[in-house]
Amino acid sequence: MDREEVDRALARLGAEHEAIETSLLALQDHAGRRLLEGAELSGTTKERWAAAEQAISLLWAHFDAYTGALGSAREIRARRRSPGAAELAELTALLRDHGVTLAPGAAPLPRGAAGGYPASLTGPARLSESLKLDELVERMNRWYAEVIDVVAAADSVWSALPARIDLLAAELQRTRSLAQSVGVRPGEHPAGDDLERITAELTSLRDEVVRDPLAFWSRPAGRSPGAAPGGGTPDTARYDAAARGLEDVRREIDAVLHVRQDAEERLIRVRDVLSRADRTLGEARRARGEVLAKIAASEVPAVSGPPTALNEQLAGAVEFRRRAQWHRLSPLLESLEQRAEEELLRAREQLTAVTAPLAVRAELRGRLDAYKAKVARHGFAEDRILVERYDAARRLLWSAPCDLIAAEQAVLRYQRATAEVLAGQGAPPPRAVRAEWEDRPGGTA
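Now for a description of the structure that goes with this document. (Residues numbered from 1 in each chain as written. Predicted model: local features only at pLDDT ≥ 70, side-chain atom pairs only at ≥ 80, totals over all residues. Heavy atoms only, no water.)

When their charged atoms lie close together, side chains carrying opposite charge are able to pair. For the coordinates displayed, the defined rule picks out 21 salt bridges. Among the ionic pairs, glutamate 171 bridges to arginine 250, the shortest N-O distance being 2.9 Å. Of this pair, glutamate 171 sits in helix H5 (residues 133–181) while arginine 250 sits in helix H7 (residues 237–294), placing them 79 residues apart in sequence. Across the pair arginine 251 and aspartate 248 runs a salt bridge whose closest N-O atoms are separated by 2.2 Å. Residue arginine 251 and its partner aspartate 248 are both found in helix H7; the two are separated by three residues, about one turn of the helix. Take aspartate 248: its relative accessible area is 42%, and that puts it in the partly exposed class. Through salt bridges with shared partners, a single ionic network connects Glu40, Asp207 and Arg211. (Salt bridge = Lys/Arg side-chain N within 4 Å of Asp/Glu carboxyl O. Helix = DSSP H or I, 4+ residues; strand = E, 2+ residues; numbered from the N terminus. Buried < 20%, exposed > 50% of the residue type's maximum accessible area, 1.4 Å probe, protein only.)

As structure tokens, then:
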């Protein structure tokens, strides 16, 4: 190396030395490193931090060797303004060749240390080792990346999860107090059992996070070896599951509170629906008796009795309200509301089924009278055949019991006779009908 090459190398190495020193001091002051040093660790974090601590010691030992070599080179360069051949040869050996000798104990890495360190450091211990300055820096960079990866990941997990777990635990305690006030307790309500499970999960999760934060560090898929240290995010899957479970419990407790606030009104509504269903069934039973008396040869379905079971459950719900057992009242009241509406619908369907023959008779009577009025409008009220068939149908429809099948056939015969008479109107209509047409606007039918 000539003088200018030596000066450029010393300037570069001086800047590099300053940067390394700044990084090592920042590592010493890193909050994650201080926490790791004082924590009682376990699992993955314990293993990786043990290797990282050894790497930190070796980093400082190698930095001391780097500092010594740089100091020696500066001292040699400072001897003369224009160094001679001997000085240039000595500087070349220090700056380019294997001019750095590591002290005993600083060269080897103990067997069983974490992977990722240079292979030359994992063999048997050596008394000393000679390296180039560039090799020394490369080794230090690799160790620093390994250490900062552990420190930054642990610090990120500790910064993210314990505080969130504590906030969720505080919310859990408030929810537990509210649950006990409405009777939601373990062994008595599923939500109470869920609160116990979530409490145990949060306690266990916080202890695991504090002892083994790296177990909760999620690295991005396909992360390359040269990626920046600390890359990844805290794994919050278990925390998120506990938070969702607590939210489900809160919704259940809110439902119970809602029951407590409007239980009386809802019970009155259920009682009213059941009363309407009972009255409808009573009406269906009375209608069935009427149908059996007035309609002949008709299949009339039986009518069920009153909703006794639902009334008993309603009495139980009233008792739950009186005793403030809201957690028991909530599911029972929801079931009663649904089943009461179903009972009312069933009662209405039975009434419709029972009264169907009466509806058929009423429809036939209305149809018969409508055709009679039509015949009268066309002036055929005195037609002998129509009168006979009308009287036959009317006797059947207004007799008791009424034979619906025969009555329907009689009405159909009257309809056909009416159609035939009206279709055969080739001659001028009777005088009364003609006068009716002439009185209409336009003088046409």
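What follows concerns the packing of helix H3 (residues 43–77) against H5. In contact at an axis separation of 9 Å, H3 and H5 are set at 150° when each is read in the N-to-C sense. Taken together, the axis directions place H3 and H5 in an arrangement best described as roughly antiparallel. Viewed along their axes, H3 and H5 form a crossing whose handedness is left-handed. Residues Arg48, Trp49, Ala52, Ala55, Ile56, Leu58, Leu59, His62, Phe63, Tyr66 and Ala69 of H3 touch H5, and the partners they reach there are Leu133, Leu136, Val137, Arg139, Met140, Trp143, Tyr144, Val147, Asp149, Val150 and Val151. Per-class residue counts for the contact of H3 with H5 are 18 nonpolar, one polar and three charged. (Axes fitted to C-alpha atoms, helices over the stretch in contact; angles between N-to-C directions. Parallel < 35°, antiparallel > 145°, perpendicular 65-115°, else oblique. Left-handed = near helix turned anticlockwise from the far one by under 90°. Contact = heavy atoms within 4.5 Å. Nonpolar A, V, L, I, M, F, W, Y, C, P; charged D, E, K, R; others polar.)

Relative orientation of the contacting elements helix H1 (residues 3–29) and H3 amounts to 150°, with a least axis distance of 10 Å. By the angle between their directions, the pair H1 and H3 is classed as roughly antiparallel. When you trace H1 past H3, the crossing you get is left-handed. Of the residues belonging to the contact of H1 with H3, the class tally is 14 nonpolar, four polar and six charged.

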